[in-house]
Amino acid sequence: MLIDRFGRAIEYLRLSVTDRCDLRCAYCIPEGFKGFEEPAHWLTFAEIERLLSVFARMGLKRVRLTGGEPLLRRHVDELARRIAQIPGIEDLSLSTNATQLAGMAERLKAAGVTRLNVSLDSLDPDTVKRINGRPVLDDILSGLAAARAAGFAPIKLNMVVMRDNAHEVDAMVEFCLAHGYVLRLIELMPMGDTARRMGYVDLQPIKRALQTRFGLVDTVMPGGGPARYLGTPDGRFTVGFITPLSQHFCATCNRVRLTVDGQLHLCLGQDARVDFRSLLREGASDQALVEAMHQALALKPERHEFVERPEKLIRFMNMTGG
Ligand code: SAM
């Protein structure tokens, strides 16, 4: 039922549970950013549960908790438990910077989170401090260890590749090989002026170099996202490429994004959105929510314009939910 006007079945929702974050990644929330929403605007757990139950009856199958940093939302494990129990939701994943993961990994697993993505742009403490705005490498590594101990597998590491860290891709590959993590290399998207200035790096040459060096072949990984995966024939190492600029994947887009204040965004790179918070707070019936969702899908653009119009998007990544 969740079909847009280009025939794409939408079965995947990224749910931003906060726009706050404890890091200041220069390409995501630059230092000095003060535009956080007030909690009164945030959807409550009950509102989220109701909306997702309606969407699940329409065909939504996957939910990813994101942000901002989702582990900063109080009692996020309780929210995870409620979402995991919604009939029709088959897969509940979470993206995190892992700074708070050490103390939460077990609770998230018990709550029904099935898969974890951890952001890690560098293994060099100084580069982490420079890019991510805080000296948190040790906290992230402790969080990763706790996630493994809690039984999360596979764990995917997201590395946004930019001018500053492109030379560290090989080191990250070695680290993932040694620890059994799946590496995902991501092209920097022009979300806000700072990200635009940081310089996007085309992943295609990096992909070809890794292919040759490790004899990589096409492979698939569980997950509803846009990564294209390559792996060693023995399955020991897998690397995914998320290439919104050099090879966009809009034709197979299966995602929408719900912000912490209840706006449903139809595309990360366009402005089309529908305000579900107002509908929920005005007492909309389930049928009205279904109709609003159909109207929202009619607004889903065919594609982003990161390459043609990089100046277009002034929304930071933490606002929409990555
Ligand atoms: N805080 C969580 C985390 O670190 O995974 C979830 C939210 S974060 C916005 C989700 C992902 O988006 C992270 O992997 C982050 O590196 C990535 N990201 C943020 N801004 C980006 C940009 N301009 N281009 C590409 N990826 C970006």
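Further up the page is the structure itself.
Summarised in this report is the structure supplied together with it.

Calculation criteria
- Residues numbered from 1 in each chain as written.
- Predicted model: local features only at pLDDT ≥ 70, side-chain atom pairs only at ≥ 80, totals over all residues.
- Heavy atoms only, no water.
- Helix = DSSP H or I, 4+ residues; strand = E, 2+ residues; numbered from the N terminus.
- Buried < 20%, exposed > 50% of the residue type's maximum accessible area, 1.4 Å probe, protein only.
- Near = heavy atom within 4 Å.
- Polar contact = N/O pair within 3.5 Å; in protein donor to acceptor, adjacent residues only side chain to side chain.
- Areas by Shrake-Rupley, 256 points an atom, 1.4 Å probe, with all protein chains shown as cover.
- Contact = heavy atoms within 4.5 Å.

Structural notes on unusual backbone geometry
- Backbone torsion omega between Gly67 and Gly68 reads 25°, so that peptide bond is classified as cis.
- Topologically, Gly68 is positioned in the loop between strand 2 (62-66) and helix 2 (76-84).
- In this structure, the amide linkage connecting Ala153 to the following residue, Pro154, adopts the cis form with an omega of -5°.
- Checked against the element boundaries, Pro154 lands in the loop between helix 5 (137-149) and strand 5 (155-161).
- In this model, His75 sits at a positive phi of 60°, which is unusual for a non-glycine residue.
- Mapped onto the elements of the fold, His75 is located in the loop between strand 2 and helix 2.
- In this structure His75 comes out as exposed when scored by relative accessible area, which is 53%.
- We note that Ala98 has phi near 70°; this positive angle belongs to a residue other than glycine.

Comments concerning the site of the ligand
- What surrounds the ligand is a group of 20 residues, the closest being Gly68, Glu69, Ser119, Val160 and Met189.
- Interatomic distance of 3.4 Å between a backbone N/O atom of Tyr27 and a nitrogen atom of the ligand.
- Contacts to the ligand include Met189, whose backbone N or O atom sits 2.8 Å from a nitrogen atom.
- Notes on the ligand: free accessible area 550 Å², of which the protein chains cover 94%.

What to know about the environment of Ala195
- Position of Ala195 among the secondary structure elements: in helix 7 (residues 193-198).
- Take Ala195: its relative accessible area is 3%, and that puts it in the buried class.
- Spatially, the C-alpha atoms of Ala195 and Pro30 are 8.8 Å apart, while their sequence positions differ by 165 residues.
- With sequence-adjacent residues up to four places away left out, Ala195 is seen in contact with Ala26, Tyr27, Leu188, Met189 and Pro190.

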